[in-house]
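Descriptive analysis of the structure
If you want the building blocks of each chain, they are given just below.
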Amino acid sequence: HTININLSVDNKFVFSYVQGRIINLGFTGSVTNTKSSDTKPYGAPIRYLLETGKLANCYSTMTVTSNFYGSGLVGNIKGGTAVNCYFAGIISESVPHKGAITWNLTNDGVITNSYYVTEVLYPHGATQVTNEVLKTSLADTLNEGRKYAAEISGVSENQIFQWTNENGYPEHYV
């Protein structure tokens, strides 16, 4: 499943506070948040992944623009877990605080078996890969992580989609 969005509003997100599971979801399009107030704006499709929140087998190829914080999937992981995810989008040069999966990881939050291509300031446990790896072997690596993603998410492995590289980057094979 993929959500294609083009958000250009102050501090609005596809998901604000996640305490449950988001599994097998891709984000494409763009998020722009350049609010100019005392609040430090950030751009990401998900605002918070809280203590019981799980983000598994997800990806983003979004373009993120903000004048302070920006990340490919989650603004703040506050105790939640992101597993078997990747970000291969663009975070604009105007963003001083760039995160791969998240820009802020607190309260024993975890990022594991997750990857990014874009240069970032805060990898927080995600592994950087090259465009060549993205296009050739990352889908295989993500497929190897499906069992672990299912374990962490509390679902069966057959509920975690397989990955394919048919269009030049990993996406779900349904």
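Further up the page is the structure itself.
Residues numbered from 1 in each chain as written. Predicted model: local features only at pLDDT ≥ 70, side-chain atom pairs only at ≥ 80, totals over all residues. Heavy atoms only, no water.

Helix and strand counts for the protein chain come out as three helices and 21 strands. Relative to the compact-globule value of 16 Å for 174 residues, the protein chain shows a C-alpha radius of gyration of 15 Å, a close match. By principal-axis analysis of the C-alpha atoms, the protein chain measures approximately 45 × 35 × 25 Å. Buried residues in the protein chain amount to 51% of all 174 residues. Sequence-distant contacts, at least 24 apart, represent 71% of the contacts inside the protein chain between residues at least 6 apart. Roughly 7,800 Å² of accessible area belongs to the protein chain as shown, and the carbon and sulfur atoms make up 46% of that amount. Measuring between centres, the 11 positive side-chain charges of the protein chain sit 9 Å from its 13 negative side-chain charges. (Helix = DSSP H or I, 4+ residues; strand = E, 2+ residues; numbered from the N terminus. Rg over C-alpha atoms; globule rule 2.2 N^0.38 Å. Buried < 20%, exposed > 50% of the residue type's maximum accessible area, 1.4 Å probe, protein only. Contact = heavy atoms within 4.5 Å. Areas by Shrake-Rupley, 256 points an atom, 1.4 Å probe, with all protein chains shown as cover. Lys, Arg positive; Asp, Glu negative; His and termini not counted. Charge placed at Lys NZ, Arg CZ, Asp CG, Glu CD.)

Right, let's talk about the packing of aromatic side chains for a bit. Within this structure, the stated rule accounts for six aromatic pairs. Taken together, a centroid distance of 4.9 Å and an interplanar angle of 15° make the contact between Tyr17 and Tyr48 stacked. Taken together, the residues span a long stretch of sequence, with Tyr17 in strand β2 (residues 15-18) and Tyr48 in strand β6 (residues 46-49) at a distance of 31 residues. Ring geometry for Tyr59 and Trp163: centres 5.9 Å apart, planes at 65°, overall edge-to-face. (Phe/Tyr/Trp six-rings, centres within 6.5 Å; stacked < 30°, edge-to-face > 60°.)

A word on the pattern of salt bridges. In this structure the tally under the stated criterion is one salt bridge. Residue Arg146 is joined to Glu157 by a salt bridge in which the shortest nitrogen-to-oxygen separation is 3.7 Å. On the criterion of sequence distance, the pair formed by Arg146 in helix α3 (residues 146-153) and Glu157 in the loop between α3 and β20 (162-164) is long-range, its members being 11 residues apart. Arg146 gets classed as buried once you look at its relative accessible area, which sits at 10%. (Salt bridge = Lys/Arg side-chain N within 4 Å of Asp/Glu carboxyl O.)

Although it is not a glycine, Asp108 sits at a positive phi angle of roughly 65°. Residue Asp108 is classed as exposed on the basis of its relative accessible area of 73%. Look at His124: it is not a glycine, yet its phi comes out positive at around 45°. Counting through the fold element by element, His124 comes out in the loop between β18 (115-116) and β19 (127-128). His124 sits in the partly exposed class, given a relative accessible area of 26%.

All of the buried residues in α3 are Arg146, Ala149, Ala150 and Ser153. One side of α3 holds all its buried residues, which, seen down the axis, span an arc of 100°. Of the exposed residues in α3, the ones pointing more than 90 degrees away from its buried face are Lys147 and Glu151. Against the buried residues of α3 lie β3 (21-23), β7 (54-56), β12 (81-83), α2 (138-144) and β20. Just downstream of α3, Gly154 is the residue with a positive phi angle, here 75°. (Arc of directions from axis to C-beta.)

In this section: the environment of Val14. Tracing the sequence through the fold places Val14 in the loop between β1 (2-8) and β2. With 30 residues separating them in the primary sequence, Val14 and Ala44 have C-alpha atoms 8.6 Å apart. Ignoring any residue separated from it by four or fewer positions in sequence, one finds Val14 in contact with Ile3, Ile5, Leu7, Phe27 and Pro45.

All right, on to the nonpolar core then. Judged by nonpolar contacts, the single largest core of 26 residues is most densely connected at Ile22, Ile46, Leu55, Leu73, Val74, Ile77 and Ile101. Of all the secondary-structure elements, those providing two or more residues to this core are β4 (26-33), β6 and β11 (74-78). Setting aside residues no more than four positions away along its own chain, Ile77 makes contact with Leu49, Ala82, Ile101, Thr102, Asn104, Leu105, Thr106, Gly109, Val110 and Ile111. With 10 residues, the next largest nonpolar core counts Tyr115, Val129, Leu134 and Leu138 among its residues. (Core = buried A, V, L, I, M, F, W, Y, C linked by side-chain atoms within 4.5 Å.)

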